[in-house]
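Letter by letter, the chains look like this.
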Amino acid sequence: MTMHYVPDLGKISVDSVSRLDAYVASREFDRPTLVMDLDRVSAQYRALKAGLGRADVHYAVKANPARQVIARLVDLGSHFDAASRGEIALCLAEGADPSEISFGNTIKRASDIAWAHAQGIRLFAADAEEELVKIAEHAPGASVYIRLIVEVSEADWPLSRKFGCDRDMALHLLDVAKSLGLTPVGFSFHVGSQTRQASMWAPTLDVFAKIWADARTAGHDLSLLNIGGGFPAFYGEEIEAPTAYASQVIAMVEARFPEARKIMAEPGRGMVAEAGVIVSEVMLVSRKSERDLHRWVYLDIGRFSGLAETEGEAIRYQFETPRDADQHGPCIMAGPSCDSADVLYEKRPVSLPLTLKSGDRVLIRNTGAYTSTYSSVGFNGFPPLDVVVI
Ligand SMILES: *Cc1c(COP(=O)(O)O)cnc(C)c1O
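Keep in mind the model is a prediction, meaning the values are calculated, not measured.

**Examining the environment of Ala110**
Within the fold, Ala110 resides in helix 5 (residues 110-119). Separated by 79 residues in sequence, Ala110 and Phe189 have C-alpha atoms that sit 22 Å apart. Setting aside residues no more than four positions away along its own chain, Ala110 makes contact with Lys134 and His138.

Following this line, the structure appears as structure tokens:
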């Protein structure tokens, strides 16, 4: 990932959408480029924090690990959820305190646990006995939280099956942690990324409140509830504003977990998605036959160069072109690479101007999360997504 830093835009308007737009409009780009507005990240942090109240914000680094984004969040007082040695090293290099970084991946390399512990990291996630054994050996005495599996998710990008364990296993793991000399402090979960409405959290919180109570009855003085991510970004379907959304979630948490002395939230998408726009270009518009009702629109960015979340057409990005005032028609959208999986939207076609042609610029809105990190180093010789931070 190449990065440039533009410290000062001088005369350009302070309004954040027009700040991004003014920057983009005044420049040529010779490859797909994600432009990130740091002031928009700040605004989003403040809006989420206002709703989250006493909860600690641990930004999920994987959503966008641009160095300047991390540095800005350090300045704002954010804490961090890191998944690997690389992400921890990044946060430390940008000034985060080790006490503010959680090692939240339930699948950790033993040597990374040891390294993290040596750096001063003291809070680790686990959802299996073998992981607790690794933590006890390489980070003796550390605090651990047990990740619970979310059985039913209403999210647009669910994470459910891969992570977490069920109630009985979780209660067992609390005992195991204690017997290994670790300090079991609580539970974590993730409702699923892009959970569009706060009310969608309620069924999951109800289930976990019961498990929390059972653990306390079993003698575990739990103090930490880590509510994970799931905070949504705008992709065309209505969502609640970040402060209102976060405060509703926290109110539901406070009502169900009165003993939680510490609450952690780990927004990723909700923190950075709306702070970024991808500048891309149409490479080809074609039809497969004279009778074809749909056009095929091939962009210079695709599934392998940043738009991985179009998998299953789960996340539907918003496209903007200079010809949007013209008459529209349905298009199948695809990326440029020589792989048939590199189709973005086909089941539900995208409406684009009939006049669209190769060379036209296409802006892809609210793409600051899960794009640069998903870009291959250069599949088929297409350059990885460039990142510019303003
Ligand atoms: C990815 C991830 C997050 C961030 O999720 P979003 O839906 O982007 O907010 C939070 N916590 C953990 C453990 C994650 O893996």
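**Description of the pairing of strand 8 (residues 183-188)**
Burial runs high along strand 8: 5 of the 6 residues are buried. Relative to strand 8, strand 7 (residues 143-147) runs parallel, the two sharing 5 bridges. Directly across from Ile146, in strand 8, lies its bridge partner Phe187. Across 3 bridges, strand 8 lies against strand 9 (residues 224-226) in parallel orientation. What sits directly across from Ser188, in strand 9, is Asn226.

**What to know about the site of the ligand**
The ligand sits among 13 residues. The nearest are Lys62, Ser193, Glu266, Arg269 and Tyr370. The contact in question runs from an oxygen atom of the ligand to an N or O atom on the side chain of Lys62, over 2.8 Å. One of the backbone N or O atoms of Gly268 is found 2.8 Å from an oxygen atom in the ligand. Notes on the ligand: free accessible area 390 Å², of which the protein chains cover 91%. In the shell around the ligand, the residues fall into 3 nonpolar, 5 polar and 5 charged.

**Focus: the pattern of salt bridges**
Throughout the structure, instances matching the rule amount to 23 salt bridges. Of the charged contacts in the structure, one is a salt bridge between Arg261 and Asp221, with a shortest N-O distance of 3.4 Å. Here Arg261 is found in the loop between helix 9 (242-256) and strand 10 (262-265), whereas its partner Asp221 is found in the loop between helix 8 (202-217) and strand 9, with 40 residues between them in sequence. Connected via shared salt-bridge partners are Arg19, Asp37, Asp39 and Arg72.

**Focus: the nonpolar core**
Within the largest apolar cluster, 104 residues are counted, with the highest numbers of intra-cluster contacts made by Tyr59, Phe124, Phe187, Trp201, Ile227, Leu299 and Phe319. By residue number, the principal contributor to this core is helix 8, which donates 7 residues. The residues that make up this core include at least three from each of domain 1 (2-35 + 273-389) and domain 2 (104-267). Excluding anything up to four places from it in sequence, Phe319 contacts Leu299, Asp324, Met333, Tyr345, Val350, Leu352, Val362, Leu363 and Ile364. The next biggest cluster of nonpolar side chains, apart from the first, holds 10 residues, and it includes Leu20, Tyr23, Val24 and Leu363.

**Structural notes on the packing of helix 5 against helix 6 (residues 129-138)**
Look at helix 5 against helix 6: their axes get within 9 Å of each other, and the N-to-C directions meet at 40°. Considered as vectors, helix 5 and helix 6 are oriented oblique to each other. Regarding helix 5 and helix 6, the two cross each other, and that crossing is right-handed. Taken together, the residues of helix 6 that come into contact with helix 5 (itself represented by Ala110, Ile113, Ala114 and His117) are Glu131, Lys134, Ile135 and His138. Of the residues belonging to the contact of helix 5 with helix 6, the class tally is 4 nonpolar, 2 polar and 2 charged.

**Quick word on unusual backbone geometry**
Of note in the backbone geometry, Glu313 takes a positive phi value of approximately 55° without being a glycine. Here Glu313 lies in the loop between strand 12 (295-299) and strand 13 (318-320). Within the chain, Asn366 stands out as a residue other than glycine whose phi angle is a positive 55°. When you line up the elements, Asn366 lands in the loop between strand 16 (361-365) and strand 17 (386-389).

**Details of helix 9**
Its 15 residues place the ends of helix 9 21 Å apart at the C-alpha level, agreeing with the 21 Å of an ideal helix rising 1.5 Å per residue. Residues of helix 9 that are buried include every one of Tyr245, Ala246, Val249, Ile250, Met252 and Val253, and no others. Buried residues of helix 9, seen end-on, are gathered within an arc of 160° and therefore sit on one face of the element. Contacts made by the buried residues of helix 9 are with helix 2 (38-52), helix 8, strand 9 and strand 10.

**Looking at the packing of helix 8 against helix 9**
Where helix 8 meets helix 9, the axes come as close as 10 Å, and the angle between the chain directions of the two elements is 20°. Here helix 8 lies roughly parallel to helix 9, going by the angle between them. In this structure, the crossing between helix 8 and helix 9 has a hand that is right-handed. Every residue of helix 9 that contacts helix 8 at Ala202, Leu205, Asp206 and Ala209 is listed here: Met252, Val253 and Arg256. Among the residues making up the contact of helix 8 with helix 9, the classes are represented as 5 nonpolar, no polar and 2 charged.

**Regarding the UniProt feature "modified residue: N6-(pyridoxal phosphate)lysine" (unreviewed entry) in the protein**
UniProt annotation of "modified residue: N6-(pyridoxal phosphate)lysine" (unreviewed entry) refers to Lys62 when read in the numbering used here. Accessibility expressed as a relative area gives 43% for Lys62, which makes it partly exposed. In this view, Lys62 contacts Glu87, Tyr370 and Thr373; residues no more than four positions away in its chain are not counted.

**Examining the domain arrangement of the protein**
Interfaces are often described in size by the accessible area the parts lose on coming together. Examined at the domain level, the protein breaks down into domain 1 (2-35 + 273-389) and domain 2 (104-267). Tallying the contact residues gives 13 residues for domain 1 and 9 residues for domain 2. Summing the contributions of domain 1 and of domain 2, the shared interface buries around 870 Å²; its carbon and sulfur component is 60%. Summed over the shared surface of domain 1 and domain 2, the result is 0 salt bridges. Counting every contact that joins domain 1 to domain 2 gives 3 residue pairs in polar contact (both at pLDDT 80 or more). Residue composition of the side of domain 1 that touches domain 2, by class: 7 nonpolar, 2 polar and 4 charged.

Conventions used here
- Residues numbered from 1 in each chain as written.
- Predicted model: local features only at pLDDT ≥ 70, side-chain atom pairs only at ≥ 80, totals over all residues.
- Heavy atoms only, no water.
- Helix = DSSP H or I, 4+ residues; strand = E, 2+ residues; numbered from the N terminus.
- Contact = heavy atoms within 4.5 Å.
- Buried < 20%, exposed > 50% of the residue type's maximum accessible area, 1.4 Å probe, protein only.
- Pairing = 2+ DSSP bridges.
- Near = heavy atom within 4 Å.
- Polar contact = N/O pair within 3.5 Å; in protein donor to acceptor, adjacent residues only side chain to side chain.
- Areas by Shrake-Rupley, 256 points an atom, 1.4 Å probe, with all protein chains shown as cover.
- Nonpolar A, V, L, I, M, F, W, Y, C, P; charged D, E, K, R; others polar.
- Salt bridge = Lys/Arg side-chain N within 4 Å of Asp/Glu carboxyl O.
- Core = buried A, V, L, I, M, F, W, Y, C linked by side-chain atoms within 4.5 Å.
- Domains from an automatic or database assignment.
- Axes fitted to C-alpha atoms, helices over the stretch in contact; angles between N-to-C directions.
- Parallel < 35°, antiparallel > 145°, perpendicular 65-115°, else oblique.
- Left-handed = near helix turned anticlockwise from the far one by under 90°.
- Expected span 1.5 Å × (residues − 1).
- Arc of directions from axis to C-beta.
- UniProt positions renumbered as here; feature names shortened; annotations may be inferred.
- Buried area = accessible area lost by both parts, 1.4 Å probe.

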